[in-house]
Amino acid sequence: RPKALCPVGEVPLVDLALDRLAPLVGALAVNVHHGRGAMEDHLAARPGVHVSIEEPVALGTAGAVGRLRPWIAGRAVAVVNADAWCPDPLDPLLGGWDGTRVRLLLVGADALSPRARVAGCLLPGEAAAALTDEPTGLYEVCWKPWADRGALEVLRHDGPFVDCGTPADYLGANLAASGGASVLGDGAVVRGVVERSVLWPDAVVEEGEVLHDAFRTTAGRTVLVR
């Protein structure tokens, strides 16, 4: 399944991202490329969420916002990544923003760099309207240029944040969310031993099995984190 549908603390990452944004914005959109069918089926259960399709290639974050320009219609935009786990509210990102500067919520950092981890981003309408639907990232075509002309504002985020780009990071996000306990999805069955692991809904651990530092999918695939 696409990373955005992998559950952390039993909730798919895309839902965690949407739930962080929903109290603070007037409309929600999700950009979809990998796993389009699964994503569309899942998001159909969230009325009012606009789905933007990236085809034939993934567009990167800047290109994805550019694809959404007709829907954005000149408004300011808040951007988060659906494959990162960050449970803290986004209120600090929006609080006191004057709407004229690009604002970033940087994880454990006070200054922008090419490898900065971003827990959230605000784009003024001017910045969002300048983006095109060509494959590219926000750092190259937005954040760095706005920083160079003194129009970028940075806020520091020292709370929990995990980019779930690897199996180890995904497991780590779940263990952080649970306080270190194994996470058992709805309908999961444990007949053996489960330690520091994640079971997706309806996954089964049979008698005699020992699952340690791993996650098991609903279909029965086991990913060991070593």
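Residues numbered from 1 in each chain as written. Predicted model: local features only at pLDDT ≥ 70, side-chain atom pairs only at ≥ 80, totals over all residues. Heavy atoms only, no water.

Some points on the sheet that holds strand 9 (residues 152-157)
Argument step 1. With mixed pairing, four strands are arranged side by side in an open sheet as 5-8-7-9. The open sheet terminates on both sides in strands that have one partner only, identified here as strand 5 (77-79) and strand 9. Here the strands of the sheet are splayed against their neighbours by 15° on average, with no regard to which way each runs.
Argument step 2. Bridge count for strand 5 against strand 8 (residues 118-123) is three bridges, and the pairing is antiparallel. In the strand pairing of strand 8, Val79 is matched with Cys121.
Argument step 3. The strands touched by helix 7 (residues 138-148) within the sheet are strand 7 (102-107), strand 8 and strand 9, with strand 8 carrying the most contacts at an inclination of about 70°. (Pairing = 2+ DSSP bridges. Helix = DSSP H or I, 4+ residues; strand = E, 2+ residues; numbered from the N terminus. Axes fitted to C-alpha atoms, helices over the stretch in contact; angles between N-to-C directions. Contact = heavy atoms within 4.5 Å.)

Some points on the nonpolar core
Argument step 1. Ranked by internal contacts, the top residues of the largest apolar core, which has 23 residues, are Val14, Leu18, Val30, Met39 and Leu43.
Argument step 2. Taken together, the elements giving at least two residues each to this core come down to helix 1 (13-21), strand 3 (28-32), helix 2 (36-43), strand 4 (49-53), strand 7 and strand 8.
Argument step 3. With four residues, helix 1 is the single largest residue contributor to this core.
Argument step 4. In contact with Val30, other than residues within four places in its own chain, are Val14, Leu18, Met39, Leu43, Val49, His50, Val51 and Ser52.
Argument step 5. Residues Ala62, Ile72, Tyr139 and Trp146 belong to the second largest nonpolar core, which totals 22 residues. (Core = buried A, V, L, I, M, F, W, Y, C linked by side-chain atoms within 4.5 Å. Buried < 20%, exposed > 50% of the residue type's maximum accessible area, 1.4 Å probe, protein only.)

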